[in-house]
Each structure stands twice: as C-alpha cells, then as structure tokens.
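Single-letter residue listing:
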Amino acid sequence: MSWLASWYPWIKALHIISVMAWMAGMLYLPRLFVYHADAEPGSVQSETFKTMERRLLRAIINPAMIASILFGGLLAGIPGLVDWSQAWIWVKLAAVLGLVVAHHFFARWRKEFAEDRNRRPAGFYRKVNEVPTLALIVVVIMVVVKPF
Ligand code: HEM
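Bear in mind that the values here come from a model prediction, so they are computed numbers and not experimental data.

Looking at this structure, I do not really get the layout of surface pockets. What am I missing?
A probe as big as a water molecule, rolled over the atoms, marks out the empty space that is left. What the largest pocket holds in volume is close to 780 Å³. The wall of the largest pocket is formed by 29 residues, among which His 15, Leu 75, Lys 92, Val 139 and Val 143 lie closest to the centre. For the lining of the largest pocket, the secondary structure elements donating two or more residues are α1 (8-36), α2 (44-76), α3 (88-114) and α5 (130-145). For the lining of the largest pocket, the element with the most residues is α1, which contributes eight residues. Its residues assigned to classes, the lining of the largest pocket comprises 22 nonpolar, four polar and three charged.

Sorry if this is basic, but what is going on with the site of the ligand here?
Near the ligand you find 20 residues, and of these Tyr 8, Lys 12, His 15, Lys 92 and Lys 146 are the closest. Measuring from an oxygen atom of the ligand, one finds a side-chain N or O atom of Lys 12 at 3.0 Å. In the model, a nitrogen atom of the ligand is placed 2.8 Å from a nitrogen or oxygen of the His 15 side chain. Put simply, the ligand lies in the largest pocket. Broken down by secondary-structure element, the contributors of at least two residues to the shell around the ligand are α1, α2, α3 and α5. Among the elements that make up the shell around the ligand, the one with the highest residue count is α1 (seven residues). Each residue belonging to the shell around the ligand can be placed in one class, and the counts come to 14 nonpolar, three polar and three charged.

Explain the coordination of the iron atom of the ligand here, please?
In an ideal tetrahedron of four donors about a metal, each angle is 109.5 degrees. In an ideal octahedron of six donors, the angles are 90 or 180 degrees. Donor atoms from the polypeptide that coordinate the iron atom of the ligand comprise His 15 (NE2) and Lys 92 (NZ), at 1.8 to 2.1 Å from the metal. Coordination at the iron atom of the ligand is octahedral: its six donor atoms span angles of 84 to 179° at the metal. One end of the pair, His 15, is in helix α1; the other, Lys 92, is in helix α3, and 77 residues separate them in sequence. Considered together, His 15 and Lys 92 belong to a single accessibility category, that of buried residues.

Looking at this structure, how should I read the nonpolar core?
Burial of nonpolar side chains together is a common tendency in soluble globular proteins. Trp 22, Met 26, Leu 29, Phe 33, Ile 61 and Phe 106 are the most contacted members of the largest nonpolar core, which totals 23 residues. Every element with two or more residues in this core is listed here: α1, α2, α3 and α4 (122-128). Ranked by residues supplied to this core, first place goes to α1 with seven residues. Counting residues in hydrophobic clusters, the runner-up holds six residues, among them Leu 4, Ile 11, Ala 67 and Phe 71.

What is the right way to read the packing of aromatic side chains from this model?
The geometry of an aromatic ring pair is captured by the separation of the ring centres together with the interplanar angle, meaning the angle of the planes. Enumeration over the complete set of coordinates arrives at ten aromatic pairs. Plain terms: the ring middles of Phe 105 and Trp 109 are 5.7 Å apart, the flat faces sit at 35° to each other, and that makes the pair tilted. Linking Phe 105 with Trp 109, this pair stays in helix α3, spanning four residues, or about one helical turn. Ring centres of Trp 109 and Tyr 125 lie 5.7 Å apart, and the angle between their planes is 75°; on these two criteria the pair is classed as edge-to-face. Of this pair, Trp 109 sits in helix α3 while Tyr 125 sits in helix α4, placing them 16 residues apart in sequence. The class of Trp 109 is buried, set by a relative accessible area of 8%. Cluster of aromatic residues (ring-pair linked, three or more members): Phe 33, Phe 105, Phe 106, Trp 109, Phe 113, Phe 124 and Tyr 125. A cation over an aromatic ring shows up here: Lys 146 above the ring of Trp 88, its NZ or CZ 4.9 Å from the ring centre.

Criteria and thresholds
Residues numbered from 1 in each chain as written. Predicted model: local features only at pLDDT ≥ 70, side-chain atom pairs only at ≥ 80, totals over all residues. Heavy atoms only, no water. 1 Å grid on protein atoms, 1.4 Å probe; cavity = no way out; pocket = protein on both sides within 12 Å on 5 of 7 lines; lining within 4 Å. Points joined across faces, edges and corners; volume = space filled by probe spheres on them. Helix = DSSP H or I, 4+ residues; strand = E, 2+ residues; numbered from the N terminus. Nonpolar A, V, L, I, M, F, W, Y, C, P; charged D, E, K, R; others polar. Near = heavy atom within 4 Å. Polar contact = N/O pair within 3.5 Å; in protein donor to acceptor, adjacent residues only side chain to side chain. Sits in = over half its atoms within 2 Å of the grid points. Donors = N, O, S within 2.8 Å, 3.2 Å for Na, K, Ca; no water. Tetrahedral: all angles 85-135°; square planar, octahedral: opposite > 155°, others 65-115°. Buried < 20%, exposed > 50% of the residue type's maximum accessible area, 1.4 Å probe, protein only. Core = buried A, V, L, I, M, F, W, Y, C linked by side-chain atoms within 4.5 Å. Phe/Tyr/Trp six-rings, centres within 6.5 Å; stacked < 30°, edge-to-face > 60°. Lys NZ or Arg CZ within 6 Å of the ring centre and 35° of its normal.

Nothing here speaks to function; it is geometry throughout.
The structure is reproduced here in structure tokens:
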C-alpha cells in the first residue's frame, strides 16, 4: 500500500470534498422532514417534499457517504499515517458510525414520508437535526486537533 502515500494530498482532498457533500445532505434532509411533517398528506407541498427528499438522498447523501468512507479507508490504509494506539481515530470512527446509523434512520423515515406513513411531529425532526451537527463537531476536532 506504500504507493498510496504519493497520492495522499489527492485522496485527502477527495475525502474532504465527499464528507462536505455528505454532511450538507445530512443537515438538510431532517430540515425537510421538519416542514414535511406539517404538510397535509396528498397536498402539492407534500408531494414536492417527497421529490426533494428522494433526490437529495439518492443523488447526494448515499453516493457521498460511500465516497467519504472509501477515501477515508484509503487514507487509513496509508502506512504510518494513523497511529492506531492514539484515541482520536477511535473516537472519530465511533462518531462516523453514529453518522452511518443516523443515515440509516433518515433513509427509513424518508420512505415513511413517501408512503404518507409519517406519524412523528416536526419537533422530533428538529431534535434529530442536531445529531449530525454534534457528530460533525466531534469528528473534525478529533482529526484536526488529535487531542489524545
Ligand atoms: C470511515 C470513515 C472515515 C475514515 C476511515 C477517515 C479517516 C481519515 C484519515 C486517516 C484522515 C487523515 C488524517 C491525517 O491526515 O492525519 C482523515 C482526514 C480527515 N477526515 Fe476523515 N475519515 C472518515 C470519515 C470522515 C467523516 C465522516 C468526516 C467529516 C464529517 C471526516 C473528516 C475529515 C477531515 C476534515 C480530514 C482532514 C483533516 C486534516 O486535514 O487535518 N472524515 N480522515
């Protein structure tokens, strides 16, 4: 895997681009759920939200998650780049796992909205919106500051 080291700057740039796209989608989708929860099922507004949510998830959030993990994995594969005896990388990966779990639930809730089966109030999605924000703060501090 030593050939990877010569591509380090490109892989890290592609990693940062893909995590920015993933986070943009993860912060926007629950915001759409907040307004969709108050829209009348079958209304023009509700049908418009369904289209926005489907395209956001399939065209941006899903591919960006795959690219984030792919390029992150390549970075982790560069010999000597990560000191696995340090805690920052494990805390980061735990927060990333939290993002993947949140992604899974966002995809499930999108499907419920698409089938007019949502039963949760807007307030629930307003709280859920904080999960990717908190995970993002933890991830970036861990990987940039490497505090421990
Ligand atoms: C399985 C998923 C991931 C893995 C294996 C991973 C791994 C890595 C590694 C090894 C580095 C290089 C660290 C260095 O240059 O010292 C890195 C950089 C970075 N990662 Fe990730 N990462 C993942 C997901 C994420 C996510 C989800 C985010 C943001 C939400 C993120 C944000 C960043 C940032 C901002 C950098 C650049 C840090 C710098 O320039 O100092 N990563 N990642």
